[in-house]
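If you want the building blocks of each chain, they are given just below.
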Amino acid sequence: ETGVTQSPTHLIKTRGQQVTLRCSSQSGHNTVSWYQQALGQGPQFIFQYYREEENGRGNFPPRFSGLQFPNYSSELNVNALELDDSALYLCASTARNNEQFFGPGTRLTVL
Amino acid sequence: ELKVEQNPLFLSMQEGKNYTIYCNYSTTSDRLYWYRQDPGKSLESLFVLLSNGAVKQEGRLMASLDTKARLSTLHITAAVHDLSATYFCAVDPSGGSNYKLTFGKGTLLTVNP
């Protein structure tokens, strides 16, 4: 139990649609990062938020966007979904001892 | 671009045997993480290695970090079936200030009775 929760657990969308994934981290964890994990691959860094501001971005197009809220929750939004967006999406919050705790993930399927 | 390479990618071993998973990375960093992932599940933090020469042990797993060689190892002692999972190493390319991790492809470990 990491104290990081994500919703929904599973989601099925069609190409061209938009999706919002949610993450809630532990109180006091000011940094939240989002990762995409395709089947059989390691997670890839999408972006990070620190105190509600974007704090770095990986090699993902602008149709991937995010928000972080004062209550330590955050969102990942993906517009114009493509088939290759099918993956497990993980959020991670960073504790003061430098550990990153991952949530259970949201499995997105794009048909 | 930071590259993180793990080997082997697939490892099948018998219970009771020892083995080592290697993680090489291409840029200077003194912060390395090891995670375990069970099928269909999220990542479980195993070790955080914060400096050159760091060694940490938990049960049958021991991790070490050599920042000069840009190498970390995860050693498995007397493997048991419950250790079957995928193991990832991840590097913080900033050296520990921003937690934007680059992961290896993972090592799928199967421990056979």
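Everything that follows concerns the structure shown earlier in this document.
Residues numbered from 1 in each chain as written. Chains lettered and ligands numbered in written order. Predicted model: local features only at pLDDT ≥ 70, side-chain atom pairs only at ≥ 80, totals over all residues. Heavy atoms only, no water.

Caption draft 1: Geometry of a nonpolar patch on the surface. Taken together, Leu-9, Phe-10 and Leu-108 of chain B make up a surface patch of nonpolar side chains, about 300 Å² in accessible area. Summarising the element assignment, Leu-9 of chain B is placed in the loop between strand 1 (4–7) and strand 2 (10–14). (Patch = residues over 30% accessible without salt bridge, like charges linked within 9 Å, V, L, I, M, F, W, Y side chains within 5 Å. Areas by Shrake-Rupley, 256 points an atom, 1.4 Å probe, with all protein chains shown as cover. Salt bridge = Lys/Arg side-chain N within 4 Å of Asp/Glu carboxyl O. Helix = DSSP H or I, 4+ residues; strand = E, 2+ residues; numbered from the N terminus.)

Caption draft 2: Just the state of the cysteines, in detail. A complete count under the given rule lists 2 disulfides over all chains for this structure. Sulfur-sulfur distance for the disulfide between Cys-23 of chain A and Cys-91 of chain A comes to 1.9 Å. The sign of the 70° torsion about the S-S bond sets the Cys-23 of chain A-Cys-91 of chain A disulfide as right-handed. With a gap of 68 residues between them, Cys-23 of chain A in strand 3 (residues 19–24) and Cys-91 of chain A in strand 9 (residues 87–94) connect regions that are remote in the sequence. Both residues of the pair, Cys-23 of chain A and Cys-91 of chain A, count as buried. Across a sulfur-sulfur distance of 2.0 Å, Cys-23 of chain B and Cys-89 of chain B are joined as a disulfide pair. On the sign convention where negative means left-handed, the S-S torsion of about 80° between Cys-23 of chain B and Cys-89 of chain B marks this disulfide as right-handed. Residue Cys-23 of chain B is located in strand 3 (residues 19–25), and its partner Cys-89 of chain B is located in strand 9 (residues 85–91); the two are separated by 66 residues in the primary sequence. (Disulfide = S-S within 2.5 Å. Buried < 20%, exposed > 50% of the residue type's maximum accessible area, 1.4 Å probe, protein only.)

Caption draft 3: Up close: the pattern of salt bridges. All names here are of chain A. One pass over the full model with this rule turns up 5 salt bridges over all chains. Across the pair Arg-57 and Glu-54 runs a salt bridge whose closest N-O atoms are separated by 3.3 Å. With its nearest N and O atoms 3.3 Å apart, the salt bridge here joins Glu-82 to Arg-63. Placement of Glu-82 in the loop between strand 8 (73–78) and strand 9 and of Arg-63 in the loop between strand 6 (53–57) and strand 7 (64–68) is noted, with a sequence separation of 19 residues between them. Accessibility expressed as a relative area gives 40% for Glu-82, which makes it partly exposed. Look at the salt bridges and you will find they share partners, linking Arg-63, Glu-82 and Asp-85 into a network.

Caption draft 4: Representation of the interface of chain B and chain A within the structure. Contact residues are listed per partner, giving 18 residues for chain B and 20 residues for chain A. In total, about 1,500 Å² of surface goes out of reach between chain B and chain A, with carbon and sulfur atoms giving 53% of it. The largest contributions to the chain B side of the interface with chain A come from Ser-42, Tyr-99 and Lys-100 of chain B, which together make up 35% of the buried area. Linking chain B with chain A are 0 salt bridges. Viewed at the interface, chain A and chain B are joined by 5 residue pairs in polar contact (both at pLDDT 80 or more). In the side of chain B that touches chain A, the residues fall into 9 nonpolar, 5 polar and 4 charged. (Contact = heavy atoms within 4.5 Å. Buried area = accessible area lost by both parts, 1.4 Å probe. Polar contact = N/O pair within 3.5 Å; in protein donor to acceptor, adjacent residues only side chain to side chain. Nonpolar A, V, L, I, M, F, W, Y, C, P; charged D, E, K, R; others polar.)

Caption draft 5: Expanded view of the sheet that holds strand 6 (residues 55–58) of chain B. Residues and elements named next belong to chain B. Across the sheet, 5 strands lie side by side as 1-3-8-7-6; this open sheet has antiparallel pairing. With partners counted over all chains shown, the strands left at the sheet margins are strand 1 and strand 6, one partner each. Ignoring which end each strand starts from, the neighbouring axes of this sheet average 15° apart. (Pairing = 2+ DSSP bridges. Axes fitted to C-alpha atoms, helices over the stretch in contact; angles between N-to-C directions.)

Caption draft 6: Spotlight on the environment of Thr-31 of chain A. Residues and elements named next belong to chain A. Within the secondary structure, Thr-31 is located in strand 4 (residues 31–37). Sequence separation between Thr-31 and Pro-104 is 73 residues; the distance between their C-alpha atoms is 17 Å. When near neighbours in sequence (up to four residues on either side) are disregarded, Thr-31 contacts Gln-48, Tyr-49, Tyr-50, Ala-92, Ser-93 and Thr-94.

Caption draft 7: Structural detail: the sheet that holds strand 7 of chain A. All names here are of chain A. Taken in spatial order, the 4 strands of this open sheet run 1-3-8-7, and their pairing is antiparallel. On the outer flanks of this sheet lie strand 1 (5–7) and strand 7, each paired with one strand and no other. Averaged over all pairs of adjacent strands, the angle between strand axes in this sheet comes to 20°, irrespective of strand direction.

Caption draft 8: Region of the structure containing the packing of aromatic side chains. Considering all chains together, one arrives at 10 aromatic pairs over all chains under this definition. With 5.5 Å between their ring centres and 90° between their planes, Phe-47 of chain A and Tyr-49 of chain A make a pair best called edge-to-face. Seen in terms of ring centroids, Phe-102 of chain A and Phe-103 of chain B are 6.2 Å apart; in terms of plane orientation they differ by 75°. Their pairing is edge-to-face. Of the two residues, Phe-102 of chain A sits in strand 10 (residues 100–102) while Phe-103 of chain B sits in strand 10 (residues 102–103), which places them in two different chains. Here Phe-102 of chain A and Phe-103 of chain B have matching classes, each one buried. Aromatic rings pair up to connect Tyr-35, Phe-45 and Phe-102 of chain A together with Tyr-33, Tyr-35, Phe-88 and Phe-103 of chain B into one cluster. (Phe/Tyr/Trp six-rings, centres within 6.5 Å; stacked < 30°, edge-to-face > 60°.)

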